[in-house]
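Structural overview for review
Below are the chains, spelled out letter by letter.
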Amino acid sequence: MGTVEHEIHGVAGLLPICQHLRQKFLADTNPGKAISVTYYFGNFFGKPNCPMIAGFVYWVDCAEQYGLPKEDSMLDGNEMASAPSEIIEGSCCKCFDDFLDRHNLTSNFIYPPEDEANVS
Ligand SMILES: [Zn+2]
Ligand SMILES: [Zn+2]
């Protein structure tokens, strides 16, 4: 599982996606809508511009079913614990981006605002 895609992209990062999107990704069928959330855990040792974040992309139907946001959002890192781990699978982030591209979709991760202390 996942070996073919990594022969193409090498050590590309693993992106958590829901298993429904994963099925559509493997079958290359248009998911219609994919929702991206960013979990934000604060800044690494309080350093500006070192946000600790984790992304998760899921199918629109999962929002309803699992009580997840219905639009692209940024959530507190603590909320990640309540994400349904049983539906989360990893995918090569580049292959998944290509898949979204093929179906005219994008993952719009919302990033934490830059720390004002770093703006001079
Ligand atoms: Zn799903
Ligand atoms: Zn890949």
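Further up the page is the structure itself.
How each quantity is defined
- Residues numbered from 1 in each chain as written.
- Chains lettered and ligands numbered in written order.
- Predicted model: local features only at pLDDT ≥ 70, side-chain atom pairs only at ≥ 80, totals over all residues.
- Helix = DSSP H or I, 4+ residues; strand = E, 2+ residues; numbered from the N terminus.
- Buried ≥ 20, exposed ≤ 12 C-beta atoms within 10 Å, placed from the backbone.
- Contact = placed C-beta atoms within 7 Å.
- Core = buried A, V, L, I, M, F, W, Y, C linked by C-beta atoms within 7 Å.
- Arc of directions from axis to C-beta.
- Pairing = 2+ DSSP bridges.

**Comments concerning the overall build of the protein chain**
- Assigned secondary structure in the protein chain consists of 4 helices and 5 strands.
- Along the chain direction, N to C, the helices and strands of the protein chain fall in the order α-β-α-β-β-α-β-β-α.
- Split into buried and exposed, the 120 residues of the protein chain put 20% on the buried side.
- Across the protein chain, contacts joining residues at least 24 apart in sequence account for 77% of those joining residues at least 6 apart.

**Some points on the nonpolar core**
- Core analysis: the biggest nonpolar cluster contains 19 residues, and Ile 17, Leu 21, Val 57, Tyr 58 and Phe 96 have the highest contact counts within it.
- Mapped by element, the contributors of at least two residues to this core are strand 1 (14-18), helix 2 (19-27), strand 2 (34-43), strand 3 (51-59) and helix 4 (93-102).
- Ranked by residue count, the leading element in this core is strand 2, at 5 residues.
- If sequence neighbours within four positions are ignored, Leu 21 has contacts with Pro 31, Ala 34, Val 57, Tyr 58 and Trp 59.

**Details of helix 2**
- Among the residues making up helix 2, those that are buried are Leu 21, Arg 22 and Phe 25. Angular distribution of buried residues about the axis of helix 2 spans 105 degrees; they occupy a single face of the element.
- In this structure, the buried side of helix 2 is in contact with strand 1, strand 2, strand 3, strand 5 (88-92) and helix 4.
- With its phi angle positive at about 55 degrees, Asp 28 sits one or two positions after the end of helix 2.

**A word on the environment of Cys 93**
- Within the fold, Cys 93 resides in helix 4.
- Since 18 C-beta atoms lie within 10 Å of it, Cys 93 is described here as partly exposed.
- Sequence separation of Cys 93 and His 9 is 84 residues, and the distance between their C-alpha atoms is 9.3 Å.
- Each residue touching Cys 93, except ones within four places of it in the same chain, is listed here: Ala 12, Gly 13, Leu 14 and Leu 15.

**Some remarks on unusual backbone geometry**
- Residue Asp 28 is not a glycine yet carries a positive backbone phi of 55 degrees.
- Residue class for Asp 28 comes out exposed when judged on the 9 C-beta atoms lying within 10 Å of it.
- A positive phi angle, close to 55 degrees, is found at Asn 104, a residue other than glycine.
- Following the sequence through the fold, Asn 104 ends up in the segment after helix 4.
- Asn 104 sits in the exposed class, given 7 other C-beta atoms within 10 Å.

**Quick word on the environment of Glu 114**
- By secondary structure assignment, the location of Glu 114 is in the segment after helix 4.
- For the pair formed by Glu 114 and Asn 49, sequence separation is 65 residues and the distance between their alpha carbons is 5.9 Å.

**Remarks on the pairing of strand 2**
- Where strand 2 lies against strand 3, 8 bridges are found, and the strand directions are antiparallel. Residue pairing across strands places Thr 38 opposite Gly 55, the latter belonging to strand 3.
- Alignment of strand 2 against strand 4 (residues 73-76), held across 4 bridges, turns out to be parallel. Note that in strand 4 the partner of Tyr 40 across the bridge is Asp 76.

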